[in-house]
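Read off the chains here:
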Amino acid sequence: MTPIEFDGSPTPSLGVEWEFALTDKESGDLSNSAAALFALVSERVPSRREKIHKELLRNTVELVTGICRDTPEAVADLAGTIAAVRDLTDELGVDLYGAGTHPFAQWSTQLLTEGHRYAELIERTQWWGRQMLIWGVHVHVGISHRDKVLPILSSLLKYYPHLLALSASSPMWAGQDTSYASNRAMMFQQLPTAGLPFQFTAWSEFEAFVADQKTTGIIDHINEIRWDIRPSPHLGTIEVRVCDGMTNLTELSALVALIHCLVVDLDRRLEAGEELPYMAPWLVQENKWRAARYGLDAIVILDSDCRERLVTEDLAELLTRLEPVARDLNCVTELARVGNIVTAGASYQRQRAVYQQSGDMRAVVSSVVAELR
């Protein structure tokens, strides 16, 4: 068994990856124009080239930050890249679309990005892999030592439904309202290495798992483990991949601040000698489903005693508890915006309201695009 080195981060650094679909300005449908956009970026704004990545399909781009100290720095980094890209997307006749799914696009018309890794994924996963018209936000938080990673990961799963309910932005799929707040969460877990992580207690167990995956040909590289929360050993981070795509910078900043605070709070409690609380996998799985189905109206399971509470009520208490951490991490303003999402409604609710008023899913696309503007 090959050891997996964890390149620990000396500080609780922050990194954000934000996936966007490209939509046609006229029709609102997905546009397979990522290759043209990458060519323009290389020609016009080469300084931003490293911050714009390819994804599985040619209708998708991913904007990434550098290594940041705090939420304001990460959001400013992303805002700068969006500003640099927007002139180019306008030139191509496309928009950046930030929700977790597209309301009416059909998977059969989407083109695969060139590359051996993507071709292999589709060859293995076939129909389910081709269905992956989904977009999310991934947040990396630096961890100093590998022995902290798995306890923090397992405890962080208690807050999975909170993060998903707040970010849920994928209620519609292939021309239908799915009645889920996050259809993306349900879709993505169909891939063989995706979904909820196993709750290992020791790093050696994680190493053994990865070795088994490689020996049996399930993965070739550790990055092909696509868990909703996963260790990123080469970056020295925990990567939180729970969230649906975010439709605007304000709400993105709220979720990034919440994740940063949650991870650092758990890290500090671990440092203080506390045994971090965690829940059985079957309770975590039920919470994921409830948040995906009901969003901010979900009643979530709080602990191993199976106490339950409306997720928004638990969020209010959680935000108060995290205020001191937010002060230390320079994100008090951003963390407070979590409460605004609860009050004003999440993206999935806004999308439904637009559709109920207009009866036109193109209007939903326009509303999502407008939020980023």
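Worth saying up front: this structure is predicted, and the values here are computed from it rather than measured.

Engineer: Could you give an account of the packing of aromatic side chains, naming the residues involved and the relevant values?
Structural biologist: In this description, a pair of aromatic rings is defined by centroid distance and the angle of the planes. If you walk through the whole model with that rule in mind, you get 13 aromatic pairs. Ring geometry for Trp-18 and Phe-20: centres 4.6 Å apart, planes at 40°, overall tilted. Owing to a relative accessible area of 0%, Trp-18 belongs among the buried residues under this scheme. According to the relative accessible area criterion, Phe-20 is buried, its value standing at 0%. Ring geometry for Tyr-97 against Trp-135: centres 6.4 Å apart, planes inclined by 80°, an arrangement best described as edge-to-face. Here the residue Tyr-97 occupies a position in strand 4 (residues 94-97), and Trp-135 occupies one in the loop between helix 3 (116-130) and strand 5 (137-142), the gap between them amounting to 38 residues. Three or more aromatic residues joined by ring pairs make a cluster, and in this case those are Phe-6, Phe-198, Phe-200, Trp-203, Phe-206, Phe-209 and Trp-227. Above the face of the Tyr-159 ring, Lys-158 is positioned so that its terminal group lies 6.0 Å from the ring centre. A cation over an aromatic ring shows up here: Arg-293 above the ring of Tyr-180, its NZ or CZ 5.9 Å from the ring centre.

Engineer: Summarise the pairing of strand 11 (residues 237-240); cite the residues concerned and give the values.
Structural biologist: With burial as the criterion, each face of strand 11 is covered, one bearing Thr-237 and Glu-239 and the other bearing Ile-238 and Val-240. Here four bridges tie strand 5 to strand 11, and the two strands are oriented antiparallel to one another. Looking across to strand 11, one finds that His-140 is bridged to Glu-239. Bridge analysis of strand 10 (residues 229-232) against strand 11 gives four bridges, and the strand direction is antiparallel. Paired with Arg-230 across the strands is Glu-239, a residue of strand 11. Where strand 10 hands over to strand 11, the hairpin turn is made up of four residues, of which Gly-236 adopts a positive phi near 70°.

Conventions used here
Residues numbered from 1 in each chain as written. Predicted model: local features only at pLDDT ≥ 70, side-chain atom pairs only at ≥ 80, totals over all residues. Heavy atoms only, no water. Phe/Tyr/Trp six-rings, centres within 6.5 Å; stacked < 30°, edge-to-face > 60°. Buried < 20%, exposed > 50% of the residue type's maximum accessible area, 1.4 Å probe, protein only. Helix = DSSP H or I, 4+ residues; strand = E, 2+ residues; numbered from the N terminus. Lys NZ or Arg CZ within 6 Å of the ring centre and 35° of its normal. Pairing = 2+ DSSP bridges.

So yeah, pure geometry; function would need other evidence.
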